[in-house]
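Fold and geometry: a report
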Amino acid sequence: MSLNADSANMAFTFKGGMLPMTVMELSSADPEHIRRQLAGKLSQSPAFFQHTPVVLSVEKLDEPHLALERICAVCRDHKLLPVAVRGGSEPVRQSAWALGLGWFAPVEETRARALESVSKEEASKNNASDDERIEAQAKSAATRLYRGTVRSGQQVSASDGDLIVIGAVNAGAEVLAAGSIHIYGALRGRALAGIHGNTQAGIYCRELEAELLSVAGNYKRLEDVDPRLLGRTAEVHFIKEQLEIKPLG
Amino acid sequence: MAKIIVVTSGKGGVGKTTSAAAISTGLALRGKKTVVIDFDVGLRNLDLIMGCERRVVYDLVNVIQGEAGLNQALIRDKRVENLYILPASQTRDKDALTQEGVAEVLEKLREEFDFIICDSPAGIERGAQLAMYFADEAIVVTNPEVSSVRDSDRILGLLASKTRRAEQGGDPIKEHLLVTRYNPERVTTGDMLTLEDIREILAVHLLGLIPESEAVLRASNQGVPVTHDASSDAGQAYTDTVSRLLGEEIPLRFHEVQRKGLLSRMFGGNRR
């Protein structure tokens, strides 16, 4: 009884959540270098830079001290909102906290810890299946399903996950996805998978007539595609530094 | 309450005005009280095709700007009862049309008529968008040719996003495809896209197919909508189209090469 009364008065509840998050993996600590690259990216895909929250990953940097404040300022100038830092030395962690940013352990450590916790919880299977469900929900929320013909001049994008189109993508139309693109129909327009750099993404379609195919920025124009592949089912992947197109199945 | 139907295409010269005139005439011949509105401000043509260019006093822009009443601007067709034409202005440009003004005119017409046919200008700019904005149904006119099909595809995209029904999230606009200038012989020789190709790309309901015909040109120049020419193939095709628009199921005609008889081969008779 008293529990119920309390819950009515609660100002908030803590809930576990898995949100899609962009990780900006730094390979240079030079703010000017970062600025130049961001400016280039901004002009390419302005839609992406709309106060997008990012986690700055400094795992690949081997520098004990970072001009973190300046790097954050560069990001904000380009409408990216740094919300946390991942990895780095103890001084990096301290300066992240001083800037009001969160700090995440490097991936290796996180994975090790996750394994640890899984083995701990093996006894209580219920909890594990709950976690799985949350994860599955987060994944399915990022997938976008579009039913109908994507027509000339239209753009359909899934900025966090896969895109599924049940219908054709006509010439002059554009479909984009952070993940893979599945088209249950003819692909006559442009398809760009892995727009945030995911080279594992693929493009699948029932009939290939695409104007442009791109996986993680590596593209092929219709002219570059072997004519024997046209008009058939196709899957497109980025393999050995180039786009590989082959019939499905 | 009238049904508002826009006749549109994206590309110019595919037969929008001819089709708007022929379909509105066909509807009136079937006893439906119909008004056809020319939205092509600055390049008006509908009055010529309808043969009423000498009777234009006031136009759509005059009505929208309050310079004339709606009844003063409506021209009554001389050949068919129940048919009225609201012409466009030739001296103004498309910026003279406002969304509120168009809405007001259509609201008034809705009470009195069964069908309001909006003849859209070519392109996808303001004039075309206003012509389609309030529509309940759309007839997309397409020629069997790649650029026309591409533009029609673009228009279908706009119909699904830039119209009142799309913005207010009600039932979507009912889309129809009308293929015009279809020449089965040239389809066979590969000069033109086949009907199947067009239908596969555009993936919308086929309302009708109008064969390429001398009767259309003749009708335009004489200012008599081709529907009146009941002996011509195009006239019959438009009559079929109107019947389908009214919900009847009519088999498709004129989409296959007709075998020519010995006489017409000898004398090179053209189909009329």
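Calculation notes
Residues numbered from 1 in each chain as written. Chains lettered and ligands numbered in written order. Predicted model: local features only at pLDDT ≥ 70, side-chain atom pairs only at ≥ 80, totals over all residues. Heavy atoms only, no water. Helix = DSSP H or I, 4+ residues; strand = E, 2+ residues; numbered from the N terminus. Buried < 20%, exposed > 50% of the residue type's maximum accessible area, 1.4 Å probe, protein only. Contact = heavy atoms within 4.5 Å. Areas by Shrake-Rupley, 256 points an atom, 1.4 Å probe, with all protein chains shown as cover. pLDDT = per-residue confidence, 0-100. Patch = residues over 30% accessible without salt bridge, like charges linked within 9 Å, V, L, I, M, F, W, Y side chains within 5 Å. Salt bridge = Lys/Arg side-chain N within 4 Å of Asp/Glu carboxyl O. Buried area = accessible area lost by both parts, 1.4 Å probe. Polar contact = N/O pair within 3.5 Å; in protein donor to acceptor, adjacent residues only side chain to side chain. Nonpolar A, V, L, I, M, F, W, Y, C, P; charged D, E, K, R; others polar. Axes fitted to C-alpha atoms, helices over the stretch in contact; angles between N-to-C directions. Parallel < 35°, antiparallel > 145°, perpendicular 65-115°, else oblique. Left-handed = near helix turned anticlockwise from the far one by under 90°. Core = buried A, V, L, I, M, F, W, Y, C linked by side-chain atoms within 4.5 Å. Pairing = 2+ DSSP bridges. Arc of directions from axis to C-beta.

This next bit is on the overall build of chain B. Scanning chain B from terminus to terminus reveals 13 helices and eight strands. Sorting the 272 residues of chain B into buried and exposed places 53% on the buried side. Counting contacts in chain B only where the partners sit at least 6 residues apart, residues at least 24 apart contribute 74% of the total. Here chain B displays about 12,400 Å² of accessible surface, and carbon together with sulfur accounts for 46% of that area.

Mean pLDDT over chain B: 93, with 95% of residues reaching 70 or higher. Scoring the predicted complex yields pTM 0.69 and, for the interface, ipTM 0.79.

Before going further, it helps to examine a nonpolar patch on the surface. Judged by side-chain polarity, M21, L81 and V83 of chain A come together as a nonpolar surface patch covering roughly 220 Å² of accessible area. As for its placement among the helices and strands, M21 of chain A is situated in the loop between α1 (2-9) and β1 (22-25).

Here we come to the interface of chain A and chain B. In this complex, chain A contributes eleven residues to the contact, which on the side of chain B involves ten residues. Carbon and sulfur atoms supply 38% of the area that chain A and chain B bury against each other, a total of about 830 Å² over both sides. The largest contributions to the chain A side of the interface with chain B come from R151, S152 and R188 of chain A, which together make up 57% of the buried area. On inspection of chain A and its partner chain B, the count reaches three salt bridges. Here R188 of chain A ties to E200 of chain B by a salt bridge, and the two come within 3.1 Å at their closest N and O atoms. Summed over the shared surface of chain A and chain B, the number is six residue pairs in polar contact (both at pLDDT 80 or more). For the side of chain A that touches chain B, a count of residues per class yields one nonpolar, six polar and four charged.

Let us now look at the packing of helix α1 (residues 16-29) of chain B against helix α12 (residues 233-245) of chain B. Residues and elements named next belong to chain B. Remark: α1 packs on α12, axes separated minimally by 9 Å, with the N-to-C direction vectors making an angle of 65°. By the angle between their directions, the pair α1 and α12 is classed as roughly perpendicular. In this structure, the crossing between α1 and α12 has a hand that is right-handed. Counting all contacts with α1, which are made through T18, S19, A22, I23, G26 and L27, the residues of α12 involved are Y238, T241, V242 and L245. In the contact of α1 with α12, the residues fall into six nonpolar, four polar and no charged.

The next thing to look at is the nonpolar core. Judged by nonpolar contacts, the single largest core of 88 residues is most densely connected at I37, L86, L109, I116, I139 and L159 of chain B. Discounting residues that sit within four places of it in the chain, L159 of chain B has contacts with V6, M132, A138, V140, A166, I173 and E175 of chain B. One finds Y146, A173, L187 and A191 of chain A within the second-largest nonpolar core, a separate group that totals 29 residues.

All right, on to the sheet that holds strand β12 (residues 212-215) of chain A then. Residues and elements named next belong to chain A. With mixed pairing, the five strands of this open sheet are ordered in space as β6-β8-β10-β12-β13. Looking at strand neighbours, the two that pair on one side only are β6 (155-158) and β13 (218-221), the edges of this open sheet. On average, adjacent strands in this sheet sit at an angle of 10° to one another, irrespective of strand direction. Pairing of strand β8 (residues 174-177) with strand β10 (residues 190-193) involves three bridges; the strand directions are parallel. Note that in β10 the partner of E174 across the bridge is R190.

Turning our attention to the pattern of salt bridges. Close approach of charged atoms allows side chains of opposite charge to pair. Inspection of every chain in the model, using the stated rule, returns 23 salt bridges over all chains. Across the pair R221 of chain A and D224 of chain A runs a salt bridge whose closest N-O atoms are separated by 3.2 Å. With a relative accessible area of 35%, D224 of chain A lands in the partly exposed category. For E248 of chain B, the salt bridge is made with R30 of chain B, and the minimal N-O distance between the two is 2.4 Å.

Now for the packing of helix α7 (residues 146-159) of chain B against helix α10 (residues 195-202) of chain B. Residue and element names in this part refer to chain B. Two elements in contact, α7 and α10, have axes separated by 10 Å at closest approach and are oriented at 30°. Here α7 lies roughly parallel to α10, going by the angle between them. When the axes of α7 and α10 are compared, the crossing they make is right-handed. Residues V149, S152, D153 and L156 of α7 form the contact with α10, whose own contacting residues are I198, I201 and L202. Here the residues of the contact of α7 with α10 are counted per class, giving five nonpolar, one polar and one charged.

Right, let's get into helix α11 (residues 214-222) of chain B. Residue and element names in this part refer to chain B. Where α11 is concerned, the buried positions are A215, V216 and A219. All buried residues of α11 fall inside an arc of 100° around its axis, so they share one side. Projecting away from the buried face of α11 at angles above 90 degrees are the exposed residues L217 and N221. Residues of α11 that are buried in the fold lie against α1 and α12. A side-chain oxygen of the first residue of α11 lies 3.0 Å from the backbone nitrogen of A215; this N-cap is S213.

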